[in-house]
Structures are given as structure tokens and as C-alpha cells.
Amino acid sequence: MAKNDRAHFGSKLGVILASAGSAVGLGNIWRFPYETGNHGGAAFILIYLGCVVLLGLPIMIAEFLIGRHSRANTARAFQILAPSTQWRWVGRMGVLAGLLILSYYSVVAGWTLEYITEAVTNGFAGKSPADFIASFQSFSSNPWKPIFWLIIFLLATHYIIVRGVEKGIEKSSKIMMPMLFIIILILVACSVTLPGAEKGIEFLLKPDFSKVDGSVFLGAMGQAFFSLSLGMGCLCTYASYFGKDTNLTKTALSVGVIDTLVAILAGFIIFPAAFSVGIQPDAGPSLIFITLPNVFQQAFSGMPVLAYLFSVMFYVLLAVAALTSTISLHEVVTAYLHEEFHLTRGKAARLVTGCCIFFGIFCSLSLGVTKEYTLFGLSMFDLFDFTTAKIMLPLGGMCISIFTGWHLNKSIVWEEISNNGSLKTPFYKLLIFILKFIAPIAIAFIFIHELGLL
Ligand code: PHE
């Protein structure tokens, strides 16, 4: 990738779509629905929306301005803006989080490839809901198959990172993102008209606050950071390739809106369908892999060609959405190794891919053959997910907001937000207030409450 010469994304739309490409991924379509299901539905969504507006958007703007001002990988960015201080550890923690997320994320991304093959070979035809549950379980606990796909997915990510994605990311995002959106809309329409879908819609729209406890807040906050790709310098790295005229506030707003919309729509596909065929909403990570094939079969029951086409298209687009996210995760770690340790880009990328395959294999096995080996009651897969999404990303976000709100020279902040005075900045004071007080206090409060830190 020619990104190390600090190239710019080609157009404003490209900037938005590449960042949205990082944000929109398995987090929206796979993780959001199962977290919503685990935490009781509508109330979780409301708290999630609060986290996006109050924490997500301000911290995204902060990451953007740190990245664009320093024009460096995330660890170096903090060194440039705060030389000889400990702030560089925030960037380094982000790099580590990126590596860990990429390892287990690729396991699920690999599953999408298996489902593409199933869809292409018409493997879903004529199956019942119970068959889908059984075949997912036998696939995900198989020692070899998921690992094979995990490796293929990481090699595809590797290939793009090494070849150069400047044009690749922008161009494919411009076609794939709108396509994904259209397919999602069609599937929502199919899902909400299935018999018995009302219960799923109610689950999404009628908040039951009696189910809200500390874990719901931690879950919603973690999901917001994960879904918006925040707290680990990913958008900071992308922003280092933004042009001088990119409006950071508007870009953050667009990315936030697109990401949230896709997640909510994914909920409207999964839950009506799950309730319709009697699958529990708290089925966990397998949720979309057992409900969606059902949607295709049932919604198009008299039209096998449409069922075939939609399932193939959906899983291809899901894999592409996952790929634009794995690229952004890989890029954070590769840029860091390449720039800080003077490795060639190819060597840096090989190191990252190798490490992720290694960890990924353990994560994958922990869902099957090594299921009994747990730490704090969590399998390795769940442990990676918990520590990154629920601890490292919010912690990184808290540090980024304290850094921008308290440490960073306000003239830099203003210069970046207003593009040197050429943009109006009606929310500037509010932004600083949130970064200084609201975000750090809210995150600390949720941590203290839920992780029992006091
Ligand atoms: N936001 C991505 C998704 O929703 C995942 C991701 C997390 C990507 C953190 C980059 C950094 O799938």
C-alpha cells in the first residue's frame, strides 16, 4: 500500500466511505444483534444510542484531529503531539488491541466464507431451523474447517495491505457499501413480514428497563466503541491520510449515522426472523448464522432462485464488509511496525498476519475442541472479545478524550476542527466540555460500577 508516503484519500466521499468501511462490519451485523439479544433488546439499544452520541462522536472527532494533525501511525502520533511523555502508551495499547481484535474477528470473518460456499452450492435449500442450528454447531466446533477459512481470510487481508488499497478501498467501498445497504433494506422488508415477526419488532422497540443493570451499560459502551472502530487509533491512522479540507466534524457525523443505521437495520433483520422461527434472541455469536439462512428459505419459499441469489449476495457483502474492517485493523499494526521498527512494509505485514493466524487458531479451537479450557469462565475467543471491546477500547477512548480535552494545545484542536478558521464551529465548546468532563467521567463510572474497581 502506498499509504506510508502519507498519501491522501482521493475524494471527500472516499474519506467517508473508507472510514465507514472500517466502522461497518461484523460489529454491526454479527455483534450488535447478539449483544442486543443478550442484554434484553430495546433498552440496550437506547443506551447504545446514548453512548454513540455522547462518547462515540466526540471521541471520533478527537481521533480524527490527532491523526490528521500528526500525520503518523497512532503510537507516533502521541509522541509527536506530546513528546517525552507517557501518552505514547495510549497508541501502543491501541496497536495491541488491534492485533487481538484482528485475531478473533478473522475467525468470524472466516465463517462468512464457509457460508458463501454453502450459499453458492445451494446448501441451505430445504433445511429446517433445527438443521441450521445443528450445522452451525458442527461447523464451528470442527477443528479444521474454520481454521482453513480463517487463514484464507487473513491472507486476503494481507494481500490487499501489501498490494496497496488506496484506490482499492475507496473504489470498492463506493460500490459495495451502497449495495450492502440496499440488500439490508430488502432483507428488513422480508424479515418483518414473516409470520410472528411482531414479537421481534416489539423486542426491538419496547424497552424493558427492569432488565437494565451495570452489564448493560458496559455492553452498550463496548459495542459503541467496537462498532465505530474507536479507542485504538484506527480512525486516527485513517485520518492521517485525510486531506486538509476534510471537514472532521461532518465526516464523524456521517460515519456515526451510517454505522448506527446499519446496526439497527441488522437488528430488524435478525430479531423478527429469530422470533418467527423460534430461535432464542440470546443465542450469542451464532445468532446471525442460524437466523439468516432461515430468512432466505422462508421469505422466498416459493421462489428458490431468489432465495439462492439473496443468500449468495448477502454473505458476499458481509465478507466484504468484514474485509474493509480487517484491512483497517491490519493497517494500524502494520503501519506501526513499519514506521517504528524500520521493517519493510511487506515484513511488517507478514509479522502481523502470522501472529493473527497463530492467535486466531487458538480462538477458533476454543469454540470447539478446547472449549473446557477457560479463564475467568471465558473461552479464549470470548476472552479476546471481552478484554478488547469492553476494556481496552473504552480505556483507550477515555485516554484519548482526556488527552484532547486537557493536554493538547487548544489552538491545535480549534485549527483542526475549523480547518484553520475556514469552517464554522458551533459545537466547539460543547465538544471540549464533553471531552474534558462527560466522556472520561462516564467511562470511569461504568468501569468502576461494572468491573468492581472500587
Ligand atoms: N468497527 C468494526 C466492525 O464493526 C470492527 C473494528 C473495531 C474495526 C475496531 C477497527 C477497529 O466490524
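## Observations concerning the site of the ligand
Around the ligand lies a shell of 15 residues, among which Ala23, Gly27, Tyr105, Phe226 and Ser229 are the nearest. Phe226 is positioned such that a nitrogen or oxygen atom in its backbone is 2.8 Å from a nitrogen atom of the ligand. When the free accessible area of the ligand is taken as 320 Å², the share hidden by the protein chains comes to 100%. Class assignment for the residues of the shell around the ligand results in seven nonpolar, eight polar and no charged.

## Some words on the pattern of salt bridges
All told, the structure shown has eight salt bridges when counted by the stated rule. Of the charged contacts in the structure, one is a salt bridge between Asp385 and Arg31, with a shortest N-O distance of 3.0 Å. Here Arg31 lies in helix α2 (residues 26-38) and Asp385 lies in helix α16 (residues 380-407), a separation of 354 residues in the sequence. For the pair shown, Asp385 and Arg31 are each scored as buried. Note that Glu416 and Arg68 form a salt bridge whose closest N and O atoms lie 2.7 Å from each other. Taken together, the residues Glu416 in helix α17 (residues 410-417) and Arg68 in helix α3 (residues 42-70) connect sequence positions 348 residues apart.

## Details of the packing of aromatic side chains
Working definition: an aromatic ring pair is given by the centre-to-centre distance plus the angle between the planes. If you walk through the whole model with that rule in mind, you get 30 aromatic pairs. With centroids separated by 6.0 Å and ring planes inclined at 50°, the aromatic side chains of Phe124 and Tyr315 adopt a geometry described as tilted. Pair noted here: Phe124 is in the loop between α5 (88-120) and α6 (129-140) and Tyr315 is in helix α14 (residues 304-340), with a separation of 191 residues, a long-range link. Take Phe124 and Tyr315: they sit in the same class, and that class is buried. The ring of Phe226 is capped by Arg31, whose NZ or CZ atom sits 5.0 Å from the centre of that ring. A cation over an aromatic ring shows up here: Lys436 above the ring of Trp406, its NZ or CZ 4.8 Å from the ring centre.

## Topic: the confidence of the model for the protein chain
For the protein chain, per-residue confidence averages 90 on the pLDDT scale, and 95% of positions sit at 70 or higher. Per-element mean pLDDT across the protein chain ranges from 80 in helix α8 (residues 166-192) up to 97 in α3.

## Focus: α3
Over its 29 residues, α3 runs 40 Å from end to end, which matches the ideal 42 Å to within 8%, given 1.5 Å per residue. Maximum bend of α3: about 35°, positioned at Val52.

## Structural notes on the environment of Leu185
Tracing the backbone shows Leu185 in helix α8. Judged by relative accessible area, Leu185 falls into the partly exposed class, the value being 42%. Residues Leu185 and Tyr336, 151 residues apart in the sequence, show an inter-C-alpha distance of 38 Å.

Cut-offs applied
- Residues numbered from 1 in each chain as written.
- Predicted model: local features only at pLDDT ≥ 70, side-chain atom pairs only at ≥ 80, totals over all residues.
- Heavy atoms only, no water.
- Near = heavy atom within 4 Å.
- Polar contact = N/O pair within 3.5 Å; in protein donor to acceptor, adjacent residues only side chain to side chain.
- Areas by Shrake-Rupley, 256 points an atom, 1.4 Å probe, with all protein chains shown as cover.
- Nonpolar A, V, L, I, M, F, W, Y, C, P; charged D, E, K, R; others polar.
- Salt bridge = Lys/Arg side-chain N within 4 Å of Asp/Glu carboxyl O.
- Helix = DSSP H or I, 4+ residues; strand = E, 2+ residues; numbered from the N terminus.
- Buried < 20%, exposed > 50% of the residue type's maximum accessible area, 1.4 Å probe, protein only.
- Phe/Tyr/Trp six-rings, centres within 6.5 Å; stacked < 30°, edge-to-face > 60°.
- Lys NZ or Arg CZ within 6 Å of the ring centre and 35° of its normal.
- pLDDT = per-residue confidence, 0-100.
- Expected span 1.5 Å × (residues − 1).
- Bend = angle between axes of the 7 residues up to and from the residue.

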